[in-house]
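Each chain is listed here by its residues.
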Amino acid sequence: MTGRYLDAEKTGLLQEKIIQAENELAECTLCPRKCGVDRRAGKRGYCGIGGLAEVASYGPHFGEESVLVGDKGSGTIFFCGCNLLCCFCQNYEISHCSEGECTSVNEYELAGIMLELQAKGCHNINLVTPSHVVPQILAALPRAISGGLHIPLVYNCGGYESVETLHLLEGIVDIYMPDVKFWYEESAVQCAEAPDYRQRVQDGLLEMQRQVGDLWVNSEGVAERGLLVRHLLMPGGLEESTAIFKYLAEHISKNCYLNIMDQYRPCGEALVISGLEKTITVEQYQQAITSAKENGLTQLDKREPLLLYEKLIIQE
Ligand code: SF4
Ligand code: SF4
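None of the values given here were measured: they were computed from a predicted structure.

Overall, the prediction assigns the chain a mean pLDDT of 93, with 95% of residues at 70 or greater. Taken as a whole, residues 304-316 scores under 50 in pLDDT and shows twelve contacts with residues more than four places along the chain or in a different chain.

Below you can see the structure in the form of structure tokens.
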């Protein structure tokens, strides 16, 4: 199992991308927020992060999709800050950079974290909420490669991406894992003040699919390359979910690997927002699975029956 970034390093492509990405930080337009702040001078834009990446925690994680976890876990690195800042975020303190949650890391330290995760046997490096720290991730890779890093890189994002920044990741990222959250402008505005979310996520999905294609899983059941889409069900949002499934089937691929997630629970500001203070019902989850299948999507994450079973037990 080898990361694509190894070839990019050999050909000099990685170094070119590091320079381009570093330049982006001077007047940051890494994501659709286009804040234009000088992050190299320590200024912080909407995502709340300056020149150095900040990490909340890292370690082997067994709660991700089975194709990422294998038997040794997915090597997650939880970055602080976020370019989307959803009002319901399940990691609210981390994404909103609450005091005491985050530690700044330079490229040597970030490379060290990657190598530590690989040494623990993790099947991949799972970059959680990476969109606003792409230059810092790229800068860490040469150090990590010289230390022996070779496992796939997973780009685990909220789907609010700039295609230009995704171009910087071409030939570097092995697995893209966007969470497609909203389809209607009113939802994206209410939850994340991102009226252009649908257009950005459509453009991003097309670019990710172009770069890596459908998810490819090896003989041991572990993903090595491709696109894995997540969709967090929102309370009362079945119509929106259905529109997302339809888009995936018609414009991305009927073989698109999809994890429909039912673990929404109100956090942060969502606790006091009407309609968002609820959880997902078993019926809504079942209807979403049916809708995905009816729209022709065939590669649904295998955890679905177990989660449903657990939910039914809890509700009994
Ligand atoms: S990465 Fe952060 S600073 Fe840069 S444009 Fe996005 S939100 Fe703004
Ligand atoms: S994109 Fe993910 S990490 Fe960022 S605020 Fe939304 S739910 Fe939280």
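Here the focus is the pattern of salt bridges. This structure, assessed with the given rule, holds twelve salt bridges. One salt bridge connects R210 with E170, and the closest N-O pair in it is separated by 2.9 Å. Taken together, the positions of R210 in helix α9 (residues 197-212) and E170 in the loop between α7 (163-168) and β6 (175-178) put the pair 40 residues apart, joining distant regions of the chain. According to the relative accessible area criterion, R210 is partly exposed, its value standing at 48%. Two residues, K246 and E250, come together in a salt bridge whose shortest N-O distance is 2.9 Å. Of this pair, K246 and E250 both sit in helix α10 (residues 238-252), separated by four residues, roughly a single helical turn. It is possible to trace a salt-bridge network through shared partners that takes in E64, E65 and R230.

What follows is about the environment of N106. With respect to the helices and strands, the residue N106 is situated in the loop between β3 (103-105) and α5 (107-119). With 34 residues separating them along the chain, N106 and A140 place their C-alpha atoms 8.0 Å apart. Of note is the side chain of N106, whose polar atom sits 3.0 Å from the backbone nitrogen of Y108.

Scoring rules and cut-offs
Residues numbered from 1 in each chain as written. Chains lettered and ligands numbered in written order. Predicted model: local features only at pLDDT ≥ 70, side-chain atom pairs only at ≥ 80, totals over all residues. Heavy atoms only, no water. pLDDT = per-residue confidence, 0-100. Contact = heavy atoms within 4.5 Å. Salt bridge = Lys/Arg side-chain N within 4 Å of Asp/Glu carboxyl O. Helix = DSSP H or I, 4+ residues; strand = E, 2+ residues; numbered from the N terminus. Buried < 20%, exposed > 50% of the residue type's maximum accessible area, 1.4 Å probe, protein only. Polar contact = N/O pair within 3.5 Å; in protein donor to acceptor, adjacent residues only side chain to side chain.

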